[in-house]
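Structural characterization, general
Single-letter residue listing:
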Amino acid sequence: MSELAILGGKPLIKEIIPSYQSLGKEEIVAVNNVMSSGVLSGFYGSWSDEFFGGEEVKHLEKKWSSEFKVKYSISVNSNTSGLIAAIGACGIGPGDEVIVPPLTMSATAMAPIFYGAIPVFADVEAETFCLDVEQVRKNITPKTKAIIAVNLFGHPARLKELKKLANENSLRLIEDNAQAPFAKEDNAYTGTVGDIGVFSLNYHKHIHSGEGGVCVTNDENLARRMSLIRNHAENIVEPIDLKDITNMVGMNLRMTELSAAIAGVQLEKGKELISGRQGIARKLSGLIIDIEGMEVPAERSNCDHVYYMWALKYCENSIGVNRDIFAKALVAEGVPVGIGYVKPLYKLPLFRNKIAIGNKGYPFNLTKRNYDGDLCPVAEQLHKHELITIEICSIDPTSKQIDDMAAAFYKVYKNRNELINFDKAE
Ligand SMILES: *Cc1c(COP(=O)(O)O)cnc(C)c1O
């Protein structure tokens, strides 16, 4: 009989891998303090002392700015909301183009659509899975207004180069930094290189408050516009005598005092929590780095990767076994791997059918661009054949379990010949 668990053998990891938990007693104390105060939100939607939110919200924003060394932090109720506020603040409107990667959570590409703008997909680089600067350059047209770079899986995109490219073409660079708090490129925190950076405080992220997000910027004008969009801008432009009312159509994107109190504590613990994630990922990488045909996650020089995901590049040709089957064999051994990431976003029904806002084709009827075929071959290849991922922000393995995870990779690799005909046997 086979040793492989997928073929009836004993799984290598016997005990359940604990899940990652960033919350502790301090958050409970912080929440209780807010509860005792009776003030669960300090916001008021007209021009007054309360327009910028309550004590906890203001405190969080101040701490956030000092921690990430930026001038302005604007808290919101999610990263998705923050991206929308960012696009709005940049004055982007119908028919404008915004360059985005295809390999990211869908919210990155939806933010432009809310303002009638057209997401243009530029391929990613095979090394770090973030935007390929040359592909971005090729996609710039007179209609381009912004680039949204995603620091995917916790690794910085080529931010410095993208900022230079953006400056040369008078574009805004927005960073979707949902997966990369405290990551660094050349000693600069990701999120702070672009004109605006957007963080997530969603439950599944490194640090969280259930739901929440923070936009950061050093630009006073962008900061003000984001804080207006967050809180019913249309009512405020008159009292503050704002001349340019472009996109001053406000929403309610406000954070509660409860979330802000939790986020404040999480922020204090942030660096420690992140170094825990890095420890797990780097240990695992170090243990399997010698397996031929598997590239452990790259860390570009001068970059600090914070490992929202650990994403391995698997070479089907070299290993001789289909990636999906190899991954299934790992799962059977107890290793919590997934295959690929999200389907390249241009494959979503919204893009294929060009139906987004209303049902008459808006905003796609403002462009000749189309989304047919395999627009971004590198992203396609990664998703369909190469990526094997572990969500480091959802597990908290013991040191022994990391050893076992690595041993499982070797075990499946050593016995891979038994998997070559797995499809037929199944
Ligand atoms: C999680 C995530 C988002 C959305 O964040 P929310 O706070 O849940 O709105 C956006 N972009 C990326 C890359 C993400 O990982």
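What this report covers is the structure whose coordinates are included nearby. (Residues numbered from 1 in each chain as written. Predicted model: local features only at pLDDT ≥ 70, side-chain atom pairs only at ≥ 80, totals over all residues. Heavy atoms only, no water.)

1. Digging into the sheet that holds strand E11 (residues 303-304)
The strands that make up a sheet are held in pairs by hydrogen bonds between backbone atoms, and each pair lies either parallel or antiparallel. Keep this limit in mind: Following DSSP output, two strands are said to pair if at least two bridges run between them. Secondary structure elements are taken from DSSP: a helix is a run of H or I of four residues or more, a strand is a run of E of two residues or more, and numbering for both begins at the N terminus.
Pairing within the open sheet is antiparallel, and its three strands lie in the order E7-E6-E11. Every interior strand has two partners, whereas the edge strands, strand E7 (188-189) and E11, have only one. Pairing analysis gives two bridges linking strand E6 (residues 184-185) to E11, with the strands arranged antiparallel. The residue bridging Glu 185 from the neighbouring strand is Cys 303, located in E11.

2. Digging into the layout of surface pockets
Our working rule: With a 1 Å grid laid over protein atoms only, a set of points is called a cavity when a 1.4 Å probe fits there but cannot get out and a pocket when it is open yet has protein on both sides within 12 Å along at least five of seven lines; lining residues have an atom within 4 Å of a point. Grid points are joined across faces, edges and corners, and a volume is the space filled by probe spheres set on the points. Each residue is assigned to one class: nonpolar for Ala, Val, Leu, Ile, Met, Phe, Trp, Tyr, Cys and Pro, charged for Asp, Glu, Lys and Arg, and polar for all the others, Gly among them.
Of the pockets and cavities examined, the largest pocket occupies roughly 260 Å³. Lining of the largest pocket is provided by 18 residues; of these, Met 105, Ala 178, Ser 200, Asn 202 and Lys 205 occupy positions nearest its centre. When grouped by side-chain class, the residues that make up the lining of the largest pocket number six nonpolar, eight polar and four charged.

3. Some remarks on the packing of helix H1 (residues 25-37) against helix H8 (residues 257-288)
Operational definition: Axes here mean lines fitted to C-alpha atoms, for a helix over just the part in contact, with angles spanning 0 to 180 degrees between N-to-C directions. Note that the term roughly parallel is reserved for angles under 35 degrees, roughly antiparallel for angles over 145, roughly perpendicular for angles of 65 to 115, and oblique for everything else. Helix crossings get a hand from a simple test, with the near helix turned counterclockwise from the far one by less than a right angle marking a left-handed crossing and a clockwise turn marking a right-handed one. The criterion used for residue contact is that any of the two residues' heavy atoms lie within 4.5 Å.
Two elements in contact, H1 and H8, have axes whose closest approach is 9 Å; the angle formed by their N-to-C orientations is 150°. Relative to H8, the element H1 is oriented roughly antiparallel. With respect to the hand of their crossing, H1 and H8 are arranged in right-handed fashion. Each of Glu 26, Glu 27, Ala 30, Val 31, Val 34 and Met 35 in H1 lies in contact with H8, whose residues at this interface are Glu 257, Leu 258, Ala 261, Ile 262, Val 265, Gln 266 and Lys 269. For the contact of H1 with H8, the class distribution of residues is eight nonpolar, one polar and four charged.

4. Some details on the pattern of salt bridges
Rule in force here: We count a salt bridge whenever a side-chain nitrogen from Lys or Arg sits within 4 Å of a carboxyl oxygen from Asp or Glu. For each residue, the accessible area found with a 1.4 Å probe, counting protein chains only, is set against the maximum for its type, and the residue is called buried under 20%, exposed over 50%, and partly exposed in between.
Using the criterion set out here, one finds 31 salt bridges in the structure. Of the charged contacts, one joins Glu 125 and Arg 158 as a salt bridge, the two residues approaching to 2.8 Å between their closest N and O atoms. Within this pair, whereas Glu 125 is found in the loop between strand E3 (118-121) and helix H5 (133-138), its partner Arg 158 is found in the loop between strand E4 (144-150) and helix H6 (159-168), the two being separated by 33 residues in sequence. On the basis of relative accessible area, Glu 125 is assigned to the buried category, the value being 11%. A salt bridge links Lys 283 to Asp 403; the nearest nitrogen and oxygen atoms lie 3.2 Å apart. Here Asp 403 lies in helix H13 (residues 399-414) and Lys 283 lies in helix H8, a separation of 120 residues in the sequence. When its relative accessible area of 26% is taken as the criterion, Lys 283 is described as partly exposed. The partly exposed category is assigned to Asp 403, whose relative accessible area is 34%. Through salt bridges that share partners, Glu 125, Glu 127, Arg 158 and Glu 161 make up one connected network.

5. Section: the packing of aromatic side chains
To keep it simple, the criterion reads: Side-chain rings of Phe, Tyr and Trp, where Trp is taken by its six-membered ring, are said to pair if the distance between their centres is within 6.5 Å; with planes under 30 degrees apart they count as stacked, over 60 as edge-to-face, and otherwise as tilted.
On inspection of all chains with the given rule, the structure shows 19 aromatic pairs. Geometrically, the ring pair formed by Trp 47 and Phe 52 is edge-to-face, given 5.8 Å between the ring centres and 80° between the ring planes. Overall, Trp 47 belongs to the partly exposed group, its relative accessible area being 41%. A relative accessible area of 34% places Phe 52 in the partly exposed class. Ring centres of Trp 310 and Phe 409 lie 5.9 Å apart, and the angle between their planes is 70°; this geometry places the pair in the edge-to-face category.

6. Structural notes on the environment of Ala 111
In this structure, Ala 111 sits in helix H4 (residues 107-114). Of the residues examined, Ala 111 reaches a relative accessible area of 1% and is grouped as buried. Along the backbone, Ala 111 and Ile 87 are 24 residues apart, and their C-alpha atoms lie at a distance of 6.7 Å. Dropping the residues within four chain positions of it, Ala 111 is found in contact with Leu 83, Ile 84 and Ile 87.

7. Describing empty space enclosed by the protein
A complete count under the given rule lists one cavity of 30 Å³ or more for this structure. Empty space within the largest cavity amounts to approximately 60 Å³. Every residue along the wall of the largest cavity is listed here: Glu 127, Thr 128, Phe 129, Leu 152, Phe 153, His 155, Pro 297, Ala 298, His 305, Met 309, Trp 310 and Ala 311. Taken together, the residues of the lining of the largest cavity break down into eight nonpolar, three polar and one charged.

8. Section: unusual backbone geometry
Cis geometry marks the peptide bond from Tyr 362 to Pro 363, where omega comes out at 0°. Mapping Pro 363 onto the fold places it in the loop between helix H11 (349-352) and helix H12 (377-386). Phi is positive for Ser 170, which is not a glycine, with a value near 55°. For Asn 247, which is not glycine, the phi dihedral falls at a positive 60°. A residue is classified by how much of its surface remains accessible, and Asn 247, at 16% relative accessible area, is buried.

9. Focus on the site of the ligand
For clarity, the cut-off: In these notes, residues near a molecule or strand are those with any non-hydrogen atom within 4 Å of it. We call two N or O atoms a polar contact when they sit within 3.5 Å, provided that within protein one can donate a hydrogen and the other can accept it, with sequence-adjacent residues counted only if both atoms are side-chain atoms. Computed with a 1.4 Å probe, the accessible areas rest on the Shrake-Rupley method; for each residue, only the protein chains presented here act as cover. The way we define it, a molecule is inside a pocket or cavity when more than half of its atoms are within 2 Å of that pocket's grid points.
With respect to spatial proximity, 14 residues lie near the ligand, and among them Thr 80, Asp 176, Gln 179, Ser 200 and Lys 205 are the closest. Within the contact set of the ligand, an oxygen atom lies 2.8 Å away from a side-chain nitrogen or oxygen of Gln 179. Within the side chain of Ser 200, a nitrogen or oxygen atom sits 2.7 Å from an oxygen atom of the ligand. Isolated, the ligand exposes 390 Å² of accessible area, and the fraction of that covered by the protein chains is 92%. Spatially, the ligand is embedded in the largest pocket. By residue class, the composition of the shell around the ligand is three nonpolar, nine polar and two charged.

Note that all results are geometric; they support no functional claim without further evidence.
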